[in-house]
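So you can see what is in the structure, the chains are spelled out below.
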Amino acid sequence: MGEIARKKLAAIEDIGEESIFDDIASGMTVNKMIKKLNIGWRLWYKWVDSKVGRRDRYYQAMEAAGHYYAARAVDTAQEADAGNVNLARLQVDTDKWIASKLNPQYDVRQKDVQINISVNDLHAQAAALLSDVEDAEVID
């Protein structure tokens, strides 16, 4: 790791993990946070993984951000009027999508359940059952 990267990581440590994760939990995107810190994605994840448990706290902040986006979607929908209904719909849909990606409790997509039944398997099972019945009758 170069000298510049070490200085940037030290500057991030000075800001503090709690402050950074509070901003993320309050709706600041990680992309904006990275720009604010003047670092790249690789250095961001190097910082996230530099201390034990930090990645878990990062995921908790992201999950809390899901609550923020869900609440913002509700507020936007309730404050919509006839003049901005299309814009409000787009904002609500976007916030719902972000909330569902950050927090699984907001994922409202219909779950597809697939069941595959092979007709050949059913025929084979039926034939085996009939064979057992026929064998039993022959013995009796």
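Coordinates for the structure precede this section.
Residues numbered from 1 in each chain as written. Predicted model: local features only at pLDDT ≥ 70, side-chain atom pairs only at ≥ 80, totals over all residues. Heavy atoms only, no water.

What to know about the packing of helix H4 (residues 41-48) against helix H5 (residues 54-79)
Okay, step 1: Between H4 and H5, the least distance of the axes is 8 Å, while the angle of their chain directions is 115°. The angle between the axes of H4 and H5 places the two elements in the roughly perpendicular class. Contacts between H4 and H5 involve Trp44, Tyr45, Trp47 and Val48 from the first element and Arg54, Arg55 and Tyr58 from the second.
Okay, step 2: Broken down by class, the residue content of the contact of H4 with H5 amounts to five nonpolar, no polar and two charged. (Axes fitted to C-alpha atoms, helices over the stretch in contact; angles between N-to-C directions. Helix = DSSP H or I, 4+ residues; strand = E, 2+ residues; numbered from the N terminus. Parallel < 35°, antiparallel > 145°, perpendicular 65-115°, else oblique. Contact = heavy atoms within 4.5 Å. Nonpolar A, V, L, I, M, F, W, Y, C, P; charged D, E, K, R; others polar.)

Observations regarding the nonpolar core
Okay, step 1: The biggest cluster of nonpolar side chains holds 23 residues, and the ones touching the most others in it are Ile20, Phe21, Ile24, Trp44, Trp47 and Tyr58.
Okay, step 2: For this core, the element with the highest residue contribution is H5, accounting for six residues.
Okay, step 3: Other than its neighbours up to four places away in sequence, tryptophan 47 contacts Leu9, Ile12, Glu13, Glu17, Ile20, Phe21 and Arg54. (Core = buried A, V, L, I, M, F, W, Y, C linked by side-chain atoms within 4.5 Å. Buried < 20%, exposed > 50% of the residue type's maximum accessible area, 1.4 Å probe, protein only.)

Remarks on the pattern of salt bridges
Okay, step 1: Tallied over the entire structure, the rule returns nine salt bridges.
Okay, step 2: Of the charged contacts, one joins arginine 6 and glutamate 3 as a salt bridge, the two residues approaching to 3.5 Å between their closest N and O atoms. With arginine 6 and glutamate 3 both in helix H1 (residues 3-15), this residue pair falls three residues apart, about one helical turn.
Okay, step 3: Judged by its relative accessible area of 42%, arginine 6 falls in the partly exposed class.
Okay, step 4: The closest approach of N and O atoms between arginine 72 and aspartate 95, which form a salt bridge, is 2.8 Å. Pair noted here: arginine 72 is in helix H5 and aspartate 95 is in helix H6 (residues 85-102), with a separation of 23 residues, a long-range link.
Okay, step 5: Classification of arginine 72 by relative accessible area gives partly exposed; the value is 34%.
Okay, step 6: Residues joined in a network through salt bridges with shared partners are Glu13, Glu17, Lys51, Arg54 and Arg57. (Salt bridge = Lys/Arg side-chain N within 4 Å of Asp/Glu carboxyl O.)

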